[in-house]
Amino acid sequence: MSFIKTPISDGNYSTLLGMNGGCPESPDGSTIVYARKPSLTESYTEMWVCDRDLQNHRKVFELYCGNHNGPSASFVDNDRIVFRGGSDIKLPIFYIFNIKTNKVEWGPIVGKESHCAQQNHFPFSVTEAHIGKNEQYPQIDEVAVYDLDCDTGEVVKIMSLVEMKNYLEELGYKTTEYTTAVSHVQYNPARTAVMMRVGLADKDAVLVGYDLVKKEYHLIPNKPVHQLWFDNETYIAVYQYHDGERWHMDKSRINRYSMDGEILETLGGIGNHVDFSKDGKYVTGDSMYPDEELKVFLYKRGQVEPIAELDSHNFQHCGWKLNIHTNPSFSWDGKRIYFNRPVSEEKASAMFVDISDLIK
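Residues numbered from 1 in each chain as written. Predicted model: local features only at pLDDT ≥ 70, side-chain atom pairs only at ≥ 80, totals over all residues. Heavy atoms only, no water.

Colleague: What is the right way to look at the overall build of the chain in this model?
Modeller: On a plain count of helices and strands, the chain comes out with two helices and 28 strands. What you see for the chain is a C-alpha radius of gyration of 19 Å, in line with the 21 Å of a compact globule of 360 residues. Projected onto its principal axes, the C-alpha coordinates of the chain cover approximately 55 × 50 × 35 Å. Expressed as a percentage of the 360 residues in the chain, the buried residues total 56%. By sequence separation, contacts in the chain at least 24 residues apart represent 47% of the contacts at least 6 residues apart. Surface summary for the chain: the accessible area is close to 15600 Å², and the carbon and sulfur share equals 46%. Distance between charge centroids for the chain: 3 Å, based on 37 positive and 51 negative side chains. (Helix = DSSP H or I, 4+ residues; strand = E, 2+ residues; numbered from the N terminus. Rg over C-alpha atoms; globule rule 2.2 N^0.38 Å. Buried < 20%, exposed > 50% of the residue type's maximum accessible area, 1.4 Å probe, protein only. Contact = heavy atoms within 4.5 Å. Areas by Shrake-Rupley, 256 points an atom, 1.4 Å probe, with all protein chains shown as cover. Lys, Arg positive; Asp, Glu negative; His and termini not counted. Charge placed at Lys NZ, Arg CZ, Asp CG, Glu CD.)

So this is what it looks like as structure tokens:
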């Protein structure tokens with residue numbers, strides 16, 4: 001069965017969406033945010049928005065970034081977007097931008113952006129290189145995870161990354177100077193916990209969760225990949241198998257994990273970048289493994305065989321060398337799956353497939 005893939009915008013440029021699970025729609029589903037790049041070999045990038053019916057496209061910002069996740073743009077609320085970017089500085093920065101007033105509300109703030117905002121709060125991480133770079137926020141004075149209140153602009157520290165590193169060392173893990181440079185920081189829906197990917201020595205990594213109420217750490221040593229909060233206590237993530245020479249795509253599984261790494265249920269089959277519908281009934285994942293055809297699958301929760309293969313292509317150079325990762329994401333109403341798709345070895349298009357007929 002062939003599915004219609006609808007480009008968000010088509011022209012003599014590439015378009016990109018952000019991270020998997022980072023829905024490109026506003027919470028009310030009326031507006032889409034995406035990025036345009038005249039060339040995938042250059043860093044110049046434009047932020048654009050349009051209506052859900054793909055009308056009224058307009059540029060809202062100019063910035064510089066790579067291709068992997070693009071500017072990582074998502075909505076804070078119906079009026080504001082958050083995205084990373086840069087200009088002359090080499091350090092990571094992000095902005096909170098109001099698409100109704102066309103003004104920057106907060107930023108640029110020097111720090112590593114998180115996955116998305118939760119309840120109008122945006123967590124971000126700071127390394128030693130970022131200390132002293134935010135003159136408007138002198139309280140950013142420690143290697144830590146901070147919270148930006150997108151309504152008031154207030155910034156507070158919520159978790160010390162130095163203390164986290166010490167905790168890992170006490171457990172016997174070999175850390176490096178980069179261990180505190182965490183990534184994929186995310187709040188749970190209730191904003192009572194935060195989790196992140198943490199790098200260790202020998203290219204090892206763990207998944208660390210921190211209960212902000214109880215001040216307790218949770219740890220998954222054999223880190224599954226591309227994790228998202230499934231609810232307030234569990235993650236959706238992908239188990240991957242590597243035999244020492246290569247990754248085995250067919251052995252990958254999309255699972256639901258406890259914060260301490262117990263597999264609670266299998267949600268789907270082959271996957272790498274993943275997302276789930278807001279009602280939890282459906283899961284999407286891609287087959288982005290080296291030398292494999294790049295596909296997008298739709299699963300009914302608990303089934304390892306997909307109910308649909310939504311897309312397939314084999315533009316390996318664009319996918320891997322130019323870092324155009326599929327990053328599938330559900331729409332808020334669960335009726336669309338958005339994803340990045342190379343359309344040649346030099347061009348990519350942000351697209352969606354309407355899955356309304358598959359989820360009746």
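Now that the structure has been shown, the text picks up again.
Colleague: Please clarify how the packing of aromatic side chains should be interpreted in this entry.
Modeller: For any pair of aromatic rings, geometry is given as the distance between the ring centres together with the angle between the planes. Applying the stated criterion to the full structure yields 15 aromatic pairs. Seen from their ring centres, Phe230 and Phe276 are 4.6 Å apart, and the 35° between their planes marks the pair as tilted. Placement of the pair is Phe230 in the loop between strand S18 (225–229) and strand S19 (234–242) and Phe276 in strand S22 (residues 274–276), with a sequence separation of 46 residues. Accessibility expressed as a relative area gives 12% for Phe230, which makes it buried. Note on Phe276: relative accessible area 11%, which makes it buried. Through a chain of ring-to-ring contacts, the aromatic side chains of Phe61, Phe83, Tyr95 and Phe97 assemble into a single cluster. A cation over a ring is seen here: Arg191 above Tyr187, with NZ or CZ 5.8 Å from the ring centre. Taking the ring centre of Phe352 as reference, the NZ or CZ of Arg336 above it sits at 3.9 Å. (Phe/Tyr/Trp six-rings, centres within 6.5 Å; stacked < 30°, edge-to-face > 60°. Lys NZ or Arg CZ within 6 Å of the ring centre and 35° of its normal.)

Colleague: Got a minute to help me understand unusual backbone geometry in this structure?
Modeller: Most peptide bonds adopt trans geometry, and most residues besides glycine take a negative phi value. Here the residue pair Gly107 and Pro108 is connected by a cis peptide bond, since its omega of 5° sits within 30 degrees of zero. Position of Pro108 relative to the elements: it lies in strand S9 (residues 103–110). Notably, Leu54 is not glycine yet its phi reads approximately 70°, a positive angle. Its location among the elements puts Leu54 in the loop between strand S4 (44–51) and strand S5 (58–64). The exposure class assigned to Leu54 is buried, which follows from its relative accessible area of 19%. The residue Lys215 is not glycine, and still its phi comes out positive at about 60°. Position of Lys215 relative to the elements: it lies in the loop between strand S16 (205–211) and strand S17 (216–220). A residue is classified by how much of its surface remains accessible, and Lys215, at 52% relative accessible area, is exposed.

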